[in-house]
Amino acid sequence: MNLNTKQVTWNQNRGVGFLTFPALERLPFLSHAFSTRLGGVSQQEFSSLNLAFGRGDSDRNVLENYRRICAAVGLKADSMVSSAQVHKTVVRRVGRQNCGEGFTKPQMEGVDGLITNEPGVTLVTHHADCVPLYFADPVRKAVGLSHAGWRGTAAGMGAETVRSMVREFHSRPQDLICVIGPSIGPCCFEVDFPVYEVFAGMKDLSPQDWTREDGGGKYHIDLWQVNRRILMSAGVPDQNIFISGFCTQCHPDLLFSHRASHGKRGGLSAFLALRGNSDAD
Ligand SMILES: [Zn+2]
């Protein structure tokens with residue numbers, strides 16, 4: 001399989017397929033990945049690398065899938081931290097004491113963004129069309145990872161994550177490298193008027209550039225471009241923002257898509273960590 005583009009690298013290791021992004025591959029102090037459906041133990045609609053708990057697959061399968069992708073990417077499974085996402089913009093700073101939350105320990109509720117400056121802490125967010133936002137600060141050596149569906153995108157999740165890194169780690173927005181990861185693309189994200197209205201109202205972000213009226217009460221929105229504009233408005237330079245350009249709904253064999261599957265699906269995860277001295281690679 002060759003899915004490589006300028007912004008996405010296809011990887012396969014130990015039978016597990018995952019995506020990485022050249023913009024982050026260039027940063028030797030971090031490890032990152034975005035999962036695919038390939039290389040897990042789950043069956044039927046969860047086939048096969050389902051990383052979502054609580055959708056009908058067994059926890060045992062999901063944990064085994066996490067173990068497999070961590071081994072493939074070179075992450076320690078017991079270093080993962082995740083939270084229960086609610087399509088809002090709460091960003092939480094985590095550290096080593098939080099490792100295991102959402103996997104072997106209870107998770108914090110109501111958090112859609114995670115940031116850390118501690119090596120060996122793997123941030124994990126959950127996706128199946130919603131946009132993953134990766135943040136790396138090569139100067140302060142800090143990272144952030146956020147979940148931004150259309151609600152989170154419209155509420156400014158990208159800018160909120162930047163502000164959190166500025167506040168907690170004294171990051172400068174102009175130093176940040178951001179990747180807008182695989183998610184539902186402008187090709188497929190069709191919405192009705194109430195959702196369109198939310199985005200069309202973002203007047204200072206030139207919505208005419210990333211919304212389209214199709215007629216019949218249907219509209220298309222480019223969530224990648226909205227997120228790009230929001231990150232720029234938070235001070236991240238345009239040349240530091242990379243859009244993976246990979247649509248989940250266009251790749252149903254490779255990625256879980258909520259829309260493509262009408263909700264009968266497993267889940268994907270994004271991973272981001274500062275490398276520790278003792279990491280495998
Ligand atoms: Zn698409």
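Structure's up top.
Here the structure is a predicted model, which is why all the values come from computation and not from measurement.

**Quick word on helix α4 (residues 157-169)**
No. 1: Here α4 spans 18 Å end to end across 13 residues, near enough to the 18 Å set by a 1.5 Å rise per residue.
No. 2: Those residues of α4 that sit buried are Met 157, Gly 158, Ala 159, Thr 161, Val 162, Ser 164, Met 165 and Phe 169.
No. 3: Tucked into the core, α4 has its buried residues touching β5 (91-93), β6 (113-116), β8 (131-137), β9 (142-148), α3 (150-154) and α6 (223-233).

**What to know about the coordination of the zinc ion**
No. 1: The coordination sphere of the zinc ion contains the protein donors Cys 187 (SG), Cys 188 (SG), Cys 247 (SG) and Cys 250 (SG), at a distance range of 2.3 to 2.4 Å.
No. 2: What the four donor atoms of the zinc ion show is an angle range of 106 to 116 degrees at the metal, which sorts the shape as tetrahedral.
No. 3: In the primary sequence, the donor residues of the zinc ion line up as C-C-x58-C-x2-C. A residue pair is termed long-range when its members are at least 10 positions apart, and Cys 187 in the loop between β10 (177-180) and β11 (190-191) and Cys 247 in the loop between β14 (241-243) and β15 (268-274) qualify at 60 residues.
No. 4: Taking relative accessible area as the criterion, Cys 187 reaches 47% and is therefore assigned partly exposed.

**Digging into the environment of Gly 120**
No. 1: By the secondary structure assignment, Gly 120 is in the loop between β6 and β7 (122-127).
No. 2: Judged by relative accessible area, Gly 120 falls into the partly exposed class, the value being 24%.
No. 3: For the pair Gly 120 and Arg 96, spaced 24 residues apart in the sequence, the C-alpha separation amounts to 7.4 Å.
No. 4: When sequence neighbours within four positions are dropped, the list of residues in contact with Gly 120 reads Ser 79, Cys 99, Leu 274, Arg 275 and Gly 276.

So, how was this worked out
- Residues numbered from 1 in each chain as written.
- Predicted model: local features only at pLDDT ≥ 70, side-chain atom pairs only at ≥ 80, totals over all residues.
- Heavy atoms only, no water.
- Helix = DSSP H or I, 4+ residues; strand = E, 2+ residues; numbered from the N terminus.
- Expected span 1.5 Å × (residues − 1).
- Buried < 20%, exposed > 50% of the residue type's maximum accessible area, 1.4 Å probe, protein only.
- Contact = heavy atoms within 4.5 Å.
- Donors = N, O, S within 2.8 Å, 3.2 Å for Na, K, Ca; no water.
- Tetrahedral: all angles 85-135°; square planar, octahedral: opposite > 155°, others 65-115°.

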